[in-house]
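Here is how the chains run, residue by residue.
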Amino acid sequence: MTNVHATLARILTGRQSWDDVTGDIAAQLPGAAADHGVAALVWDALSGVVAASSVRRAITPLARAAVAREIFVQRDLQAVTGALAVEEIPALVVKGSALAYTCYPEPWMRPRVDTDLIVRLDDVPAAARVLQRCGYTRSDATNTGSLVSHQVSFEREDDGGARHVLDLHWKIANPQVVADALTFEDLWSSSRDAAGLGPSARVPSAVGNIAIACVHRLAHHQGHDRLVWLYDLHLLTLSMGPADWDALRAFACDRQIAGLCADGLRAARECLGTDLPADIEAALDEASIGEPSRIYLEGEVTRSDVLVSDLKALPTWSGRLRLLREHLLPPPAFIRQRYGTDTRMMLPALYLHRLITGASRWVRS
């Protein structure tokens, strides 16, 4: 962690004396705060710190933009959750939007580029129809399939010109070793309300959110930490009592994600001083031995590593062949979107180009 990142972490947790901040570090703080998704948090934390007025002034446009955008995002999410409730489709708001409305002092302090929802697999078609009635159109930017991806993306632009992106999940992660570690039923059974997202909105519990954040951090981002992701974990642990920690330990060990959870919480502790009870850490470490998901704890994970892991995790040869086919031959709409063309006659050539260039990238990885 660089000096700039360490300074940001201390600002977020109230441990930074501005007298110790050099001019060089101060000059880098606005850009670093934006890169790490904590600009609004830093702007708020520096309120009243006269010596930091120049840094706060540089961040002010970002904070104002976040406040303005949240007005449109909240209105949109309330409409979506309400429409799903009318159709009696159980849905959970997860990841950044769930945390913004339950952990942060103000939702605009938690930046997001999209909103994530998870529903039961059987409810995906009905939920998609609801989103379309809410003005969303399905995006072809995601390679959809039953194994290669477990989400569908939707987009819309509202009357104010704000662009909204919503990912509809039926599994919380794509890699096969963790795809079923956090099921909808698991998350729904312990979910809580989120009034700011609408009277019918539901989000995972603190335990569920920690598990999601730790899995996503490594299985999707492969440990490339931004401060905002670690700060999510930090805030989530503040509400944890002994019974919650025991529930997290039991759940993580049972679902074979103990190593991922221990690693995420340790990273938050190292950066932000996040609490991690010693007995919970020891139990997670012991349970992590031999977990299939440890592939994400043992250094850099390449595309080839993920594919091999996915193939091993699938129990049948038919499933393995299907996964390979979905990688090699994604839907035509995805190919046309990726290459920016609507011409069907070009599809054979585009598939061939994808196979050749894709094979080269996989070999290099």
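Caption draft 1: Spotlight on the pattern of salt bridges. Throughout the structure, instances matching the rule amount to 16 salt bridges. Across the pair Arg 156 and Asp 76 runs a salt bridge, and its minimum N-O distance is 2.6 Å. You can see Arg 156 sitting in strand β4 (residues 151–157) and its partner Asp 76 sitting in helix α4 (residues 53–86), a full 80 residues away along the chain. A residue is classified by how much of its surface remains accessible, and Asp 76, at 5% relative accessible area, is buried. Notably, a salt bridge pairs Arg 266 with Glu 281, separated by 2.9 Å at the nearest N-O pair. With Arg 266 in helix α12 (residues 258–272) and Glu 281 in helix α13 (residues 278–288), this pair connects stretches of sequence that are 15 residues apart. The class of Glu 281 is buried, set by a relative accessible area of 14%. Each of Arg 266, Arg 269, Glu 281 and Asp 285 takes part in salt bridges that share partners, so that together they form one network.

Caption draft 2: Examining the packing of helix α9 (residues 206–219) against helix α11 (residues 242–254) more closely. Relative orientation of the contacting elements α9 and α11 amounts to 45°, with a least axis distance of 9 Å. The angle between α9 and α11 places the two elements in the oblique class. As α9 runs across α11, the sense of the crossing is right-handed. Counting all contacts with α9, which are made through Val 207, Ile 210 and Ala 211, the residues of α11 involved are Asp 244, Ala 247, Leu 248 and Phe 251. A per-class count over the contact of α9 with α11 returns six nonpolar, no polar and one charged.

Caption draft 3: Looking closely at the pairing of strand β2 (residues 115–118). Here β2 shows no split at all, with Thr 115 and Leu 117 on one side and Asp 116 and Ile 118 on the other all buried. The sheet contact formed by strand β1 (residues 92–94) and β2 spans three bridges and is antiparallel. Bridge assignment links Val 94 to a residue of β2, and that residue is Asp 116. Examined bridge by bridge, β2 and strand β5 (residues 163–169) share four bridges and lie parallel to one another. Each residue of the ladder has a partner; that of Leu 117, found in β5, is Leu 168.

Calculation criteria
Residues numbered from 1 in each chain as written. Predicted model: local features only at pLDDT ≥ 70, side-chain atom pairs only at ≥ 80, totals over all residues. Heavy atoms only, no water. Salt bridge = Lys/Arg side-chain N within 4 Å of Asp/Glu carboxyl O. Helix = DSSP H or I, 4+ residues; strand = E, 2+ residues; numbered from the N terminus. Buried < 20%, exposed > 50% of the residue type's maximum accessible area, 1.4 Å probe, protein only. Axes fitted to C-alpha atoms, helices over the stretch in contact; angles between N-to-C directions. Parallel < 35°, antiparallel > 145°, perpendicular 65-115°, else oblique. Left-handed = near helix turned anticlockwise from the far one by under 90°. Contact = heavy atoms within 4.5 Å. Nonpolar A, V, L, I, M, F, W, Y, C, P; charged D, E, K, R; others polar. Pairing = 2+ DSSP bridges.

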